[in-house]
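So the chains spell out like this:
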Amino acid sequence: MFIPTLVLWLLSASPEVPVTPPVPVEAAPPVTPADVPALTQPVRVLLRLTIDDRGEVSQVDVRESGGAAFDRAAMAAALRWRFEPARRGEAPLEVQVDVPVTFEPPGSPPGPSLSGADAPVLEPGPPASTVPEPPVFSTTVRGEAVAPPPVAVGDFHITVGQLADVPRNSATDLLLLAPGVMLANHGGEGHAETVYLRGFDAGEGKDVEMRLNGVPLNEVSHAHGHGYADTYFIIPELVQSLRVTEGPYDPSQGDFGVAGTVDYQLGLERRGITASASYGSFASRRLSLVWGPPESSSATFVGVLLRQGHGFGPNRAYANAGLMAQTELRLGAQTRLRLFGASYGARYSTAGVVRETDVVDARLPCDPDADSQFFCLYDPNQGSANQRHLASLELVSRLERGGRFVQQAYAVARQMRSRENFTGFLQDTPPIGEAQRGDNTEQSYQGTTVGLRGRYTPGLTWAGQPQPLELGYVARYDNVHTRARRLRDKGGAPYATVFDNQVRTTNLGAYLSLRGTPLDGLTLRGGVRVDTFLFGVEDLNRPASDREGERLPEESVEAYGFFASPRASAEVRLTPRLTWLTSAGLAARSSDAAGLSDAEFAPYARVTSGETGLGWRWDGDAAGLEVRSAVFATRVSQDLVFSETTGRNQPIGPSQRLGAFGSARFQWNQRLDVQASLAWARATQPEPGASPWRLWDGAVLPYIPQVLGRVDAAWRGTTTVARQPVGWSLALGHSAIGPRPLPLDRYSDPIFLFDVAARARWRAVELGVTVENLLDARWRESEFNYVSNFRGPDAPASLLATRHFSAGAPRTVRGTLTVYLDLQEDRP
């Protein structure tokens, strides 16, 4: 909590004309320095502000320091304050004012508000021939913005906060803060994670919409699978919060939002430079550098991240580098412009999958001990390289009566080439008399995306109550080249083309949402989204001849698709803290353009989902607790599952889910932060003609975990060593994954993983250690059951399906040195 007391003292005036002091209009909240121990007594910073004749703060000086971190927080806030300018008569003038800002410990009594209609008005000062008494007023400035109300129990606005202390390899791991999420990766360090959410095997993005600061990340008609979304390039230190909407209940959710939508929001609370270097097991190296200019808000930052390592077994080396930068500019009193850019490049090797029987019998080409066999591989010619470049421009204008208008334009360029082999020597039909040439598949994808999106909130009222109405639109154009080829086992030369398409897709959409309170304690929300898709495909892999004779080996396809998706929810406030929320919605997944026919009305997968549950929240002076629980059901008209023969997702028909979840987060005194969740889901494929209401019936879909548990906890404090204050933190992350169903009524083993971290900081230097997979469990990150032949091109192929798996990482230890560089002079 921050209670700044602003004391305005006019330092210059005219003896003839009375001077009216400046009046505060807007006070952006200062942010608690994230890198200081929890306060036990007030900290005071005295600032001198220069307020120009437009009411803008043009200069800030520190008159009395409260410490470099608190000085930066106070200065960053003051630079965003706006005033009605001081006036001599009717003429505005520039003045200087002294402002003491007091940071008080949690639990201090709040003061009044300082903005808009609640801002106190100063009486005109006396003539300047006498020294005026300093006019005084107080305010409480909140350190955190209030998240908008959820559209469903499963709509989570997650502030990372202290839980950033929990060990995580990438920003993708932050998804584990939402209930019912499991991540798996069979592609290597840098490959997009397979996301399991609400009983969906969402693949690498086919059933979960991914955004970064509003920019869509799902890639249409990707060679690895329609909707492929890689979030590995996001720098974790720059993720301020994320919104995870489980289920299609918000009208703003778009394509691929079958299981839900994830939107990463970037920001850097700490000002100054933070440099961090890590080294750990398997020669893993990590170097990060983030910078927030002291005079700017958390929306302005630069971050650089370099990662490299040998990997935890053969053919798992990786190297990648990324940069992300954003600046926020003020264009007048009510308009902000955000410019964001990111650039990323990566190269990594992949071990792929191994047959369980070969591991047990020690037949793999590694040392015969159990560990060497567990982490071994068949084909060393697997791996990937990718690049991504992204730019975004967002204009936010605040309107009268509380309205808002947001416009965003973005452009994305990316390229990826990968090689994978899931079946060995099984898929090839070689020339007569020749051996199998191998099933190594090369997938390549290259393209650009440009788009516009916006939303308008007019700020309407009805019967004296605010009735938020939002209108939004999206326009997206993709131009991509996607291709898959088979490669020879020896030499890696391509010998067959699986598909080769030039795809152009245009998505135009609009949505409307409205929230109203017809009765005391009852809030209704509803809306509809409409999307149109235009597809153009150049198939470059047609035969050179047919029954009519020779022909060009290419063909053009055009198609069109349209769907409307209504969504609605009802919230009943049972008590001041307890809420009952019921939500329902329709959604759709667009077609993979590569599978369309000419002039076809493009089919799409229709999703119907419903959810009901309770939410309870308690906020005390120094602590807070939020608990949620719900049950849900979802039906999909056309689902997709991973095919080992093609290396991408293939349609299987309708599917359905029934599930429940519970989550809780407890925060205390900026010292302790604990979040826990437990989720259950059953995914089945109904029999043809079965009633859609019989959600329990049908064959269980394989590989999707039914029970998931997760705990994240972080504890911070201070101690004294040699009469010097030392800050410390301890963190724990625990994942529990129940047995996953496999084909033929078999189940995998349960998985229990523990990750811990500890840090200690003295002044500007911090030392830390993390241990992932603390108990050194041997676990299978991905597990499949199918037919393969990895014994060689001349070996007879078995027709019996057997288990295949990709090994999860063993115990990994990493040490980190972090230095906080402020590059700012300490002032008296």
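### Here's the deal with the overall build of the chain
Then, number 1: Within the chain, the regular secondary structure consists of three helices and 51 strands.
Then, number 2: For the chain, buried positions account for 52% of its 828 residues.
Then, number 3: Carbon and sulfur atoms make up 58% of the accessible area of the chain, which amounts to about 35400 Å² in all.

### Quick notes on the packing of aromatic side chains
Then, number 1: What the rule picks out here adds up to 14 aromatic pairs.
Then, number 2: Considering the side-chain rings of F374 and F375, the 5.1 Å spacing of their centres and the 85 degrees angle between planes classify their relative orientation as edge-to-face.
Then, number 3: Residue classification places F374 among the buried residues on the basis of a relative accessible area of 11%.
Then, number 4: On the basis of relative accessible area, F375 is assigned to the buried category, the value being 7%.
Then, number 5: Centre to centre, the rings of Y378 and F790 are 4.1 Å apart; their planes meet at 5 degrees, and the pair counts as stacked.

### Quick look at the state of the cysteines
Then, number 1: Applying the stated criterion to the full structure yields one disulfide.
Then, number 2: Here C366 connects covalently by a disulfide to C376, the sulfurs 1.9 Å from one another. Handedness of the C366-C376 disulfide follows from its S-S torsion of about 80 degrees: it is right-handed. Of this pair, C366 sits in the loop between α2 (356-360) and α3 (370-374) while C376 is found in the loop between α3 and β25 (383-398), placing the two residues ten residues apart along the sequence.
Then, number 3: Classification of C366 by relative accessible area gives partly exposed; the value is 27%.

### Brief notes about the environment of G585
Then, number 1: Mapped onto the elements, G585 comes out in strand β36 (residues 578-589).
Then, number 2: By relative accessible area, G585 is classed as buried at 5%.
Then, number 3: G585 sits 18 residues away from R567 along the chain, and the two C-alpha atoms are 4.1 Å apart.
Then, number 4: When neighbours within four sequence positions are excluded, G585 is seen to be in contact with P248, Y249, P566, R567, V607, T608 and S609.

### Regarding the side chain of R740
Then, number 1: Assignment of secondary structure puts R740 in the loop between β44 (724-737) and β45 (741-742).
Then, number 2: There is no salt bridge for the buried R740, and the closest opposite charge comes from E783, which lies 4.3 Å off by N-O distance.
Then, number 3: A distance of 2.8 Å separates a polar atom in the side chain of R740 from the backbone oxygen of R780.
Then, number 4: Look past the residues within four positions of R740 in its chain and what remains in contact with it is M182, Y703, I704, P705, R746, Y747, S748, I751, R780, E781, S782 and E783.

Conventions used here
Residues numbered from 1 in each chain as written. Predicted model: local features only at pLDDT ≥ 70, side-chain atom pairs only at ≥ 80, totals over all residues. Heavy atoms only, no water. Helix = DSSP H or I, 4+ residues; strand = E, 2+ residues; numbered from the N terminus. Buried < 20%, exposed > 50% of the residue type's maximum accessible area, 1.4 Å probe, protein only. Areas by Shrake-Rupley, 256 points an atom, 1.4 Å probe, with all protein chains shown as cover. Phe/Tyr/Trp six-rings, centres within 6.5 Å; stacked < 30°, edge-to-face > 60°. Disulfide = S-S within 2.5 Å. Contact = heavy atoms within 4.5 Å. Lys, Arg positive; Asp, Glu negative; His and termini not counted. Salt bridge = Lys/Arg side-chain N within 4 Å of Asp/Glu carboxyl O. Polar contact = N/O pair within 3.5 Å; in protein donor to acceptor, adjacent residues only side chain to side chain.

No statement about biological role is implied by the geometric values presented.
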